[in-house]
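# Descriptive structure summary
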Amino acid sequence: MYDFHIHSDFSIDSKAPMESIVKSAIDKNLRTICFTDHVDFEATKEKLDLMFRPLDYFRDINRVKYKYKEQIEILSGVEIGMQPHLSNRYYDFINAYGFDFVIMSIHSIEGMDIFYDFASSELGPEDTLNLYYDEILKNLSVFDEFDVLGHIDFIDRYISDFDVNRKYNQFMEKIEAILKMLIDKGKGLEVNTGALRYGLENFHPKPQILQLYKDLGGEIITIGSDAHIATHVGYEYKAAERMLREVGFKYIYVFRERRKFPIQIL
Ligand SMILES: [Zn+2]
Ligand SMILES: [Zn+2]
């Protein structure tokens, strides 16, 4: 098992020390984990940077990496909250440090954090979804320095009274454009099992999006739990593999030093 989306207490929304996560991963027989703590530049209306201190982050990762090197492989990644005007800042940040893996996620739309600010906005679900997918397209057109797009339909967590499984067709054209851009750029798509913990019926992405990615020729998939507590590491990994197999994928990918390596789905 390989978990490529994990938050320790270097993220503002996690209290889990790295070592507790590592121990939980070893207990569950994970082979490789990659910490992907949050860096969200200008995350709020007040333009606060929500991030860790990189040197402390790498020092602590290296500490557990060395201590547990016989039992598990530990990698250093980051989940960046992308906004189009921040592309140069993120480019410089990522290239200043030796990350193994970079997830690009969209946590804010037009300067408003989806979790903190947007949920209370007046927009209806259709407008919210349109804005969100347009924002992903904008980000993809200005930024390349990442490996996978995180939780593509994560906005579903924040729209209530909308049947996301049945009423999604109207957004599939935009989603197809996003998937095509990812494929053209050689970037991957993350399967994020955390969705189930938010009361959604499916992982991110929902099967129809994953199927479309496959049909368009997409191959690069990573699996991540989006754990913010130690016990969630490796969450529903086998179910994710099963779903990928059903859609027709034969491999998932892991990343080391920003290079991808295929792992056969058993
Ligand atoms: Zn995220
Ligand atoms: Zn995350």
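About the thresholds
Residues numbered from 1 in each chain as written. Chains lettered and ligands numbered in written order. Predicted model: local features only at pLDDT ≥ 70, side-chain atom pairs only at ≥ 80, totals over all residues. Helix = DSSP H or I, 4+ residues; strand = E, 2+ residues; numbered from the N terminus. Rg over C-alpha atoms; globule rule 2.2 N^0.38 Å. Buried ≥ 20, exposed ≤ 12 C-beta atoms within 10 Å, placed from the backbone. Contact = placed C-beta atoms within 7 Å. Core = buried A, V, L, I, M, F, W, Y, C linked by C-beta atoms within 7 Å. Pairing = 2+ DSSP bridges.

Before going further, it helps to examine the overall build of the protein. For the protein, the count of helices and strands is seven helices and eleven strands. Its C-alpha atoms give the protein a radius of gyration of 17 Å, within 12% of the compact-globule value 18 Å for 266 residues. Referenced to the eigenvectors of the C-alpha coordinate spread, the extents of the protein come out at roughly 50 × 45 × 35 Å. Per-residue burial over the protein gives 41% buried out of 266 residues. A separation of at least 24 residues holds for 77% of the contacts in the protein among residues at least 6 apart in sequence.

Attention now moves to the nonpolar core. Among the nonpolar cores identified, the biggest contains 68 residues, and I21, V102, L189 and V233 are the most heavily contacted of them. The element contributing the most residues to this core is helix 4 (residues 125-142), with five residues. Not counting the four nearest positions on each side in its chain, I21 is found in contact with I6, S8, A16, A230 and V233.

Attention shifts here to the environment of Y116. With respect to the helices and strands, the residue Y116 is situated in the loop between strand 6 (112-113) and helix 4. Sequence separation of Y116 and I80 is 36 residues, and the distance between their C-alpha atoms is 17 Å.

Our next topic: the sheet that holds strand 4 (residues 101-105). Judged by pairing direction, the sheet is parallel, and its seven strands sit side by side in the order 1-2-3-4-7-8-9 without closing on themselves. At either end of the open sheet lies a strand with only one pairing partner, and these are strand 1 (2-6) and strand 9 (221-224).

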